[in-house]
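Examining the three-dimensional arrangement
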Amino acid sequence: MNRLLPLLGLALLFFGCEQEISVREAEPPAIPSAPPAQPLAGRHQFTLAPGETLRFNQPLAAGQALVLILQQEGVDLRLALHSAEGDLLAAANQRIGAFGPEELWFQAERAGVYQVTVTALGRAAGNAELTARHPDVGEPRFQKRLHAFAFGWNLHNRETKATVPELEESLAHWRQADHPRQTAAALYALAEAVAPSQRPRAVALLTEAWVLMREHNAPFWAMVVGNRLAFHEHLNGEPERAEHLWRATLDLAELHDNGWWQAFIHKQMGRADHDRGRHVAALEAFVEAAARFEAADDWKQAAQVLVLKAETLIVVGRLPDAADALDRAEARNARGKHPTVRTSILLQRGWLCQRRKDYVGAEAMIRDALALKTEVAGEAATAGILDRLGTVLQQQERWAEAEQVYQRALALLADGRRPDHAAIIRINLARLFLRQGRLSEIELDTPLATLNALGDAESAARGYVVLADQALAREQPLAALEHLETALAATEQARGDAHHPRTSRPYIADRFPLITQLRDLLLQLDRQDPSAGYRERALMLMERVRARTLREQIHAGPRGTDSATAARTGINRLEQQRLAAEAAGDATEVARLSAAIREQLLALSLPAPPLATVPTYDLTTLRAELLNPERRLVVFALGESQSHVLVIGPTSFSVHGLPPREILQNGFDALAQAVTVHNPVQTKLLSRKMGKLLLEPWIAGVAGKTLLLVRDDGLHTLPFSILRHPVSDRYLIEEHALMDVPSASVAVDLLRRAHARGKADLPVAVFADPVYPEQVVAGVDDLQQTYGGRLFEPLPMSAREAEEIRRLAAGTELFLGRNASPTRLTIPEGQRRPFLHFAVHGLLHEDEALSGLALSAGAVGGNAAVDETGILRCHQLEQLSLPVDLVVLSACRTALGATWRGETPIGPGRAFLAAGATHVMMTAWEIDDHDATVTFMTHFYTSLLQQGQTPTTAWRHAQRAMIAANSDPGHWAGFLLSGPPP
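Computed from a prediction, not measured in an experiment: that's the story for all the values here.

Scoring rules and cut-offs
Residues numbered from 1 in each chain as written. Predicted model: local features only at pLDDT ≥ 70, side-chain atom pairs only at ≥ 80, totals over all residues. Heavy atoms only, no water. Helix = DSSP H or I, 4+ residues; strand = E, 2+ residues; numbered from the N terminus. Buried < 20%, exposed > 50% of the residue type's maximum accessible area, 1.4 Å probe, protein only. Contact = heavy atoms within 4.5 Å. Areas by Shrake-Rupley, 256 points an atom, 1.4 Å probe, with all protein chains shown as cover. Expected span 1.5 Å × (residues − 1). Pairing = 2+ DSSP bridges. Salt bridge = Lys/Arg side-chain N within 4 Å of Asp/Glu carboxyl O. Phe/Tyr/Trp six-rings, centres within 6.5 Å; stacked < 30°, edge-to-face > 60°. Lys NZ or Arg CZ within 6 Å of the ring centre and 35° of its normal. Axes fitted to C-alpha atoms, helices over the stretch in contact; angles between N-to-C directions. Parallel < 35°, antiparallel > 145°, perpendicular 65-115°, else oblique. Left-handed = near helix turned anticlockwise from the far one by under 90°. Nonpolar A, V, L, I, M, F, W, Y, C, P; charged D, E, K, R; others polar. Core = buried A, V, L, I, M, F, W, Y, C linked by side-chain atoms within 4.5 Å. 1 Å grid on protein atoms, 1.4 Å probe; cavity = no way out; pocket = protein on both sides within 12 Å on 5 of 7 lines; lining within 4 Å. Points joined across faces, edges and corners; volume = space filled by probe spheres on them. pLDDT = per-residue confidence, 0-100.

Observations regarding the overall build of the protein chain
Check the secondary structure of the protein chain and you find 35 helices and 24 strands. Evaluated residue by residue, the protein chain yields a buried proportion of 57% over its 982 residues. Sequence-distant contacts, at least 24 apart, represent 71% of the contacts inside the protein chain between residues at least 6 apart. In the form shown here, the protein chain has an accessible surface area of approximately 39500 Å², with 50% of it arising from carbon and sulfur atoms.

Considerations on helix α11 (residues 339-355)
Counted at 1.5 Å a residue, the expected span for α11 with its 17 residues is 24 Å, and the 25 Å between its end C-alpha atoms agrees. Within the span of α11, buried status applies to V341, T343, I345, L346, L347, Q348, R349, G350, L352, C353 and Q354. Looking one or two places after α11, you find K357, whose phi comes out positive at around 60°.

Focus: the environment of A581
Along the chain, A581 turns up in helix α22 (residues 563-584). Considering only alpha carbons, one finds A581 and L593, 12 residues apart in sequence, at a separation of 8.9 Å. Discounting chain neighbours no more than four positions away, the residues touching A581 are D586, E589, V590 and L593.

Details of the pairing of strand β5 (residues 65-73)
Here 6 bridges tie β5 to strand β8 (residues 102-107), and the two strands are oriented antiparallel to one another. Looking across to β8, one finds that V67 is bridged to W105. Two elements, β5 and strand β10 (residues 126-133), share 7 bridges in a ladder whose sense is antiparallel. Of the residues in β10, the one forming a bridge with V67 is R133.

Considering the pattern of salt bridges
Between side chains of opposite charge, a pair can form as their charged atoms come close. On inspection of all chains with the given rule, the structure shows 40 salt bridges. In this structure, D740 and R711 form a salt bridge, with 2.7 Å as the shortest nitrogen-oxygen distance. On the criterion of sequence distance, the pair formed by D740 in strand β15 (residues 738-740) and R711 in the loop between β14 (706-710) and α27 (732-735) is long-range, its members being 29 residues apart. Exposure class is identical for D740 and R711. Each is buried. Several salt bridges share partner residues, and in doing so they unite D327, E330, R342 and R349 into one network.

What to know about helix α3 (residues 180-194)
With 15 residues, α3 ought to run about 21 Å at 1.5 Å a step, and its terminal C-alpha atoms sit 21 Å apart, in line with that. For α3, the buried fraction is high: 13 of the 15 residues fall into the buried class.

Observations concerning the packing of aromatic side chains
In this structure the tally under the stated criterion is 16 aromatic pairs. Taking the centre distance of 5.0 Å and the plane angle of 25° together, the rings of F767 and F815 count as stacked. Placement of the pair is F767 in strand β16 (residues 765-770) and F815 in strand β17 (residues 813-817), with a sequence separation of 48 residues. Judged by its relative accessible area of 1%, F767 falls in the buried class. A network of ring pairs unites the aromatic residues F220, W221, W260, W261, F264 and F293 as a single cluster. Taking the ring centre of Y731 as reference, the NZ or CZ of R724 above it sits at 4.1 Å.

As for the packing of helix α5 (residues 219-235) against helix α6 (residues 239-255)
The angle between the axes and the distance between the axes are what describe a pair of packed helices. Remark: α5 packs on α6, axes separated minimally by 8 Å, with the N-to-C direction vectors making an angle of 165°. With respect to α6, the axis of α5 lies roughly antiparallel. The chirality of how α5 crosses α6 is left-handed. Between α5, through P219, A222, M223, G226, N227, L229, A230, F231, E233 and H234, and α6, the contact on the second element is made entirely by P239, R241, A242, L245, W246, T249, L252 and A253. Its residues assigned to classes, the contact of α5 with α6 comprises 12 nonpolar, 4 polar and 2 charged.

Points about the nonpolar core
One finds F636, L694, W698, F838, F912 and F940 to be the most contacted residues of the largest nonpolar core, which totals 94 residues. With sequence-adjacent residues up to four places away left out, W698 is seen in contact with V634, F636, V645, V647, H656 and L707. Counting residues in each nonpolar core, the second largest holds 83 residues, with V405, A409, F433 and Y617 among its members.

With respect to the sheet that holds strand β19 (residues 841-843)
Reading across the sheet, the 3 strands line up as β19-β20-β21 and stay open at both edges, with antiparallel pairing between neighbours. Two strands close off the open sheet at either side, each with one partner strand: β19 and β21 (871-873). Here the strands of the sheet are splayed against their neighbours by 25° on average, with no regard to which way each runs. Pairing of β19 with strand β20 (residues 852-854), which is carried by 3 bridges, proceeds in the antiparallel orientation. Its bridge partner being in β20, H841 is matched across the sheet by A854.

What to know about the pairing of strand β24 (residues 975-978)
Here β24 shows two buried faces, one formed by F975 and L977 and the other by L976 and S978. With 4 bridges joining them, strand β23 (residues 919-923) and β24 adopt antiparallel strand pairing. Looking at β24, one finds that V920 is bridged to S978.

Regarding empty space enclosed by the protein
In the structure shown here, the tally under the stated rule is 7 cavities of 30 Å³ or more. Size it by volume and the largest cavity reaches roughly 230 Å³. H716, T904, P905, M922 and S978 are the residues nearest the centre of the largest cavity, which is lined by 18 residues in total. Elements that contribute at least two residues to the lining of the largest cavity include exactly α33 (908-915) and β24. When residues in the lining of the largest cavity are grouped by element, the largest group, 3 residues, is from α33.

Regarding the environment of P726
Residue position: P726 is located in the loop between β14 and α27. The exposure class of P726 is partly exposed, given its relative accessible area of 30%. Excluding anything up to four places from it in sequence, P726 contacts G691, L695, E696 and I699.

Quick word on unusual backbone geometry
Although it is not a glycine, D257 adopts a positive phi angle of roughly 55°. If you trace the backbone, D257 turns up in the loop between α6 and α7 (259-275). Classification of D257 as exposed rests on a relative accessible area of 66%. Located in the positive-phi region is E475, a residue other than glycine, with phi close to 60°. With respect to the helices, strands and loops of the structure, E475 is situated in the loop between α17 (457-473) and α18 (477-495). The exposure class of E475 is exposed, given its relative accessible area of 69%.

Brief notes about the packing of α5 against α7
Closest axis-to-axis distance for the α5/α7 pair is 11 Å, and the angle between their directions is 5°. Between α5 and α7, the interaxial angle falls into the category roughly parallel. Where α5 approaches α7, its residues F220, M223, V224, N227 and H234 are matched on the opposing element by W261, F264, I265, Q268, A272 and D275. Looking at the contact of α5 with α7 residue by residue, the class counts come to 7 nonpolar, 3 polar and 1 charged.

Here's the deal with the confidence of the model for the protein chain
Of the residues in the protein chain, 85% reach a pLDDT of 70 or more, and the chain-wide mean stands at 83. Confidence scores differ between elements of the protein chain, with strand β1 (residues 3-6) showing the lowest mean pLDDT of 32 and strand β12 (residues 643-648) the highest of 97. Below a pLDDT of 50 lies the segment residues 859-867, which in the model reaches 15 contacts outside its immediate sequence neighbourhood of four places, other chains included.

Structure representation (structure tokens):
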């Protein structure tokens, strides 16, 4: 046979690996029938229209060599070589933005007239140049290339996938042949092969390939590899690096005006945002991607994006919108009728049914997806769908059928190609045995060993939880404790703790059921043996994760513009200069700029520095820095079957039982409803009932003490001051000084940060009576749909509130009307204010990206971190440097926000703590623009500014003054104060 060697033989492995890139090209016909063939000799320059083909004849003697060199300008091309009989011998693609000229090397074993075709792919016309030459077959360089190409061609033509050793050998060939393009292709293929078991190695290989392609100005393949590198960085637990790589790839797509790749990167970034819990950002990315794909007539990708959008909508509970997105995906897919997209739609409809607890409907959808997948890809590809089906059958308690489905899936995976998937299914099967009480049939040693060997610690953790439940069922609590601690260690090994806070939140939330189970087991063991130290271990466990990401932000400080963003900007500037140098034909300058781009890319690829280390405080430290004989730390731990409260003093530590979470949560909801509708009778009854439930088991032992409260999920916005003391029947704020902190460790962090500051040298600042321009008011309907409630209504009493503060503190700076703008928050570096007061509208949304404060828009002076509407969102607040002693948020529902397990609500109040505030006063419900609010603030600031009291004492004084005046609790109890003791 002929020794034919296409230059992209191995590069075709780019698309042989599992990835999500659409390749819209078909195999060319054996030999196009027209136009007639031309003799091939020397150099040919031509213009091709879309779909047009040129044919050339090339006589070759036996043993003669042929090298074809194809260069395009603005057109995607396919170069093919045929035998005299019409058989396709080799083919390669030359894309717009390809890695230099395309080459095809060939040595004929028999004489004949060979035929070469060049076909224009895609929808664009353009110019091309084809050169033929005949090198000396005895040249060492020719033989070296020939050997490397032959190896790649053989791998490409095999029906089975290449093994890792074969791919490593191929990479060695191309390195020796000094061929950057094929070296990059070999790096890519090897990375994809090792990724399931050696993801860090895959990242290193892809990084080298990406730098090679960017250095040698191959934008199309650089986008391919850049996307894949970002994807693996994302899976490798490096979300910030992944985001920068995707943005760098998006920059490249925009530079070369590649709309399809812009759409694809928006899709990928949306998926990453979804995984990170940034749901609004994910939805925005999906909307952008879908629009761009539709503009490119890529209906398959448009449908896939709508399926992803539906998934995000399901997660945030917008089920009708999710159903609508799936209907739209069906409509887009009808144009292309892609079975894979239809399968995805069916699976998402199944999940939608599961969220609606329609398990019968979910089963029907998943079975339809199973049938379609079997028809298209064969039964061997259905193990994942069978796993989903088994879960739905478990939810219907159809144990025998679920077991059969799991066993069927395992049989499909018996070839060992996906040991990780098989291990996960075995864990699901073990969970089924557990629910049936078949404890002796649970065997997870092999699956856990497999997952640990593959580095899939998070899946292994689920297996250890099953073993813990098995031990509990056998009444072996110590064995269960060991398994749960192993599971927790496995999750920390899988992801670690040095992540950006906006990534850690969903990560910690996912771990929280495990953490809660471990905490409750420790407290159960404490009841059996109070002297064994279980309660101390339970407290330290909670301290490790409660408000964890707020601690990360406190220790990291304001983030500002990071180095990776600056590096991307520099790379884009160099890329533009290189394009100009190429257009001018300045090869020396092109080489210089390519070397500079390489250095910048290597810098961008370095591991991002971790956040500042978050210290762990032991019980001795917490006691020394927070407690004294007159102060107690009170930590709530809500559970499904029983809740607990831990009461810690300088030398004491007691644990008390409380009712289950549901009872406490229902009581809190009823109390909040009674207060906000100003029902005094119900308020008194329910505050007495909640006081009995929450306080009676422990309050007698802390009589007269100051209480430092650490709340649990479900209690974060409960105004403890309104609870009735179970003995005196007075409000709790009358009997005790109260202080709220997200966690004891956060209190220590805030104290240490405050002590490190100098004295405030700027006056108090008050933002009030904001003005909203007509263009903002005109869009109020859209904003109300986003946030709900009353938005952008005038706040006339807020100006009076501001004037009253200035009366109490001479020199106070008032920012009223148009001056109540976010741009006025900026202060000179090294200076600080003691207090900030905001009497504006608060904006609440379940997605943290949309919660914030509504200040005045359209003020003179810009700030890139603030949008033109004047809305200051939480993530923008977190990036500011506001080293103040106190922030007062006289705005609606600023204590509320997005909820993550283990975290305080991600709202404006918490954002100011992250930005530098030591104390924040915020609100649990809507605060009316009312005389009562002005009265409360007058009491508060009189104590704070004129009497020199601490924020905690001033807050208590204001509440007690309102009680003495018989004020409605709705006018004072909703103000919550968070911060450390003095």
